[in-house]
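Next come the chains, spelled out residue by residue.
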Amino acid sequence: MPVVEIIVVLIGAGAAVIAGIAFLGSQPTPQKATAQPSPYGMHFLFCDLDLEHATDQGRSVLSKESGETDWHSLRAALTARFPGLPDGEALRCLDKLTLHAGAPDDPAVLYLDREQEMTRVVIEDDFLTDASAVHEIKSIEAKLGILRLAAASSPYPIWLVGADDKIRWHNTAYKTLTDAARPSEEETDDPLFHLDPDELDEKRTVRASIRIEETGLTEWYNVTATQVDDSTIYHAVDINAVIAAEVAQRNFVQTLAKTFAHLSIGLAIFDRNGQLALFNPAMVDLTSLPIEFLSGRPGLLAFFDRLRDNRVMPKPKNYSSWRQEISDMIAAATHASYQETWTLDTGHTYRISGRPHPDGAVAFLIEDITAEISLTRNFRAELELGQSLMDTFEDALAVFSAAGVLTFCNTAFREMWSMDPEGSFADVTIVDSLKEWQAQAEPDPAWADMLDFVMKVGERATWEADVIHKSDGLFTARLSPIASGATVIRFLVKDPAQKASSQLPA
């Protein structure tokens, strides 16, 4: 129980206890309202509603709030013990009144005697009459004063409502809030917060709002009700910061949802408990999972089980081993990035990625890469077809990019210059190629011209030069510009008969 609640409960109970103990010790005079007070009784003398005189024990009971009368304070302190104690208006119409304590085991009696504007109140109880009781009373009164001060100075509104739904006591924070919410209204005993009793019965803390007339803003509070006999003590805690945070979070989630709604990639975010917290429409389209299922916040394993049932992931050969693989995949996505490609029976290809998020959350993305895979396969097939076609040529062919990097060559080129560009870890450039060519051919200034031609930027025309290979004899090197600034070099046999004779055994 919060400290404030304990304090207020003690105030309500303490007021009754003090009223039953502190006012004890005098000899009762049940037949006379004007009997002489005993030294242990509690006595008050009022002029109209203002206190003129009181015993020490009596003064300790009063805790006058700003703007309230002494009689109001006395009534707030004693009503719990003496039900029926009149308010200020009813007091002016009385002459005499005798009230017995409401509790069956409480022998205290309150005598009220009014003459014109003067009112005398005497509370007598024959239960305690010795000095030790008085000392105990003073000790309790001191503690009660501290409790009253703590409750009155609490920054949170606290108020006590009787069985008649009227306020019997409230602290300073409640009055400040009332003045801000109802600055133009007169002070009443009606509660500031209108709470549903049925809702309070189900749970003792409810969320309530109140409009502040001065600012026009709405403030929110968590109101807690504590039942004490026929009265109820209410505590209101300011939760405006919590409400603002919830609104900001809700707006942020809505913004994310609107952003993710336009993505073609399926997104599913699972919270730290492994339950689905957010998904976008693309996830529904790609997986064919019902919205009702996804909205039910399934767990990770249930989510992947449903994917398997919908044939949206590769069919496992063994179910138990598949569950272990899924658990390993979830663990990998939780602690590090995870990525895998799924080839489905339907002919589609999905790329699934998993990434960890703060606070133990994990996000899975499903992307349809069927078109990309198909395009890559077609491109690779075309490259293989082009390579096969170029390998049928007897002439050696090599293609260099605008940056001078060897990007393509045929089988005749590899055999002629004993070069294998695909076996090299680094890119083979025109400079690297010229070194090999010059090592296997006779010196010729045309080699330097070839370098200038390949690296030249701008308009170029086909150019050729005759070179002599040390093994294969005379060749013609023909350089032709092609698309994107690339260059194709074709080595043509100048004298086919000479090349054939050079290949005959000696």
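Residues numbered from 1 in each chain as written. Predicted model: local features only at pLDDT ≥ 70, side-chain atom pairs only at ≥ 80, totals over all residues. Heavy atoms only, no water.

Caption draft 1: Main features of the overall build of the protein. Across its full length, the protein holds 17 helices and 20 strands. Across the 506 residues that make up the protein, the buried fraction comes to 40%. Of the contacts formed within the protein by residues at least 6 apart in sequence, a portion of 43% connects residues at least 24 apart. Put simply, the protein shows about 28200 Å² of open surface, and 54% of that area lies on carbon and sulfur atoms. (Helix = DSSP H or I, 4+ residues; strand = E, 2+ residues; numbered from the N terminus. Buried < 20%, exposed > 50% of the residue type's maximum accessible area, 1.4 Å probe, protein only. Contact = heavy atoms within 4.5 Å. Areas by Shrake-Rupley, 256 points an atom, 1.4 Å probe, with all protein chains shown as cover.)

Caption draft 2: Highlighting the sheet that holds strand S6 (residues 158-161). Strand order in this open sheet of five strands is S7-S6-S10-S9-S8, and the pairing throughout is antiparallel. Sheet topology places strand S7 (167-170) and strand S8 (205-211) at the edges, where each strand pairs with a single neighbour. Across the sheet, the mean angle from the axis of one strand to that of its neighbour is 30°, orientation sign disregarded. Relative to strand S10 (residues 231-238), strand S9 (residues 218-228) is paired through eight bridges, and the arrangement is antiparallel. When the sheet's bridge partners are listed, Gln-227 is paired in S10 with Thr-232. Sheet strands in contact with helix H8 (residues 240-261) are S8, S9 and S10, and its direction is about 125° off that of S9. (Pairing = 2+ DSSP bridges. Axes fitted to C-alpha atoms, helices over the stretch in contact; angles between N-to-C directions.)

Caption draft 3: The arrangement of the sheet that holds strand S1 (residues 42-47) in detail. An order of S2-S1-S5-S4-S3 is seen for the five strands of this open sheet, with the pairing classed as antiparallel. What marks the edges here is a single partner per strand, and that holds for strand S2 (50-54) and strand S3 (96-100). Strand after strand, the sheet turns through a mean of 20° between neighbouring axes, direction not considered. As paired strands, strand S4 (residues 109-115) and strand S5 (residues 118-124) are joined by seven bridges and run antiparallel to one another. Considered in S5, the bridge of Arg-114 is made with Thr-119. Set on the sheet, helix H3 (residues 70-78) makes contact with S1, S2, S4 and S5; between it and S1 the angle comes to about 150°.

Caption draft 4: Focus on the pattern of salt bridges. Tallying each qualifying case throughout the model produces 14 salt bridges. A salt bridge links Arg-92 to Asp-48; the shortest N-O distance between them is 3.1 Å. Taken together, the residues span a long stretch of sequence, with Arg-92 in the loop between helix H4 (88-91) and S3 and Asp-48 in the loop between S1 and S2 at a distance of 44 residues. Ionic pairing is found between Arg-478 and Glu-464, a salt bridge with its closest N-O pair at 2.9 Å. (Salt bridge = Lys/Arg side-chain N within 4 Å of Asp/Glu carboxyl O.)

Caption draft 5: The arrangement of the environment of Met-313 in detail. Mapped onto the elements of the fold, Met-313 is located in the loop between helix H11 (300-309) and helix H12 (319-335). The sequence separation of Met-313 and Thr-287 amounts to 26 residues, and the corresponding C-alpha distance is 9.2 Å.

Caption draft 6: Representation of unusual backbone geometry. Residues other than glycine seldom take positive phi values, yet Asp-48 does so here, at roughly 60°. The class of Asp-48 is partly exposed, set by a relative accessible area of 21%.

Caption draft 7: Examining the pairing of strand S16 (residues 396-400) more closely. Burial of S16 is extensive: five of the five residues sit out of reach of the surface. Here S16 shows two buried faces, one formed by Ala-396, Ala-398 and Phe-400 and the other by Leu-397 and Val-399. Pairing of S16 with strand S17 (residues 406-409), which is carried by three bridges, proceeds in the antiparallel orientation. Paired with Ala-398 across the strands is Cys-409, a residue of S17. Linking S16 back to S17 in an antiparallel pair, the connection comprises five residues, with Gly-404 at a positive phi of about 85°.

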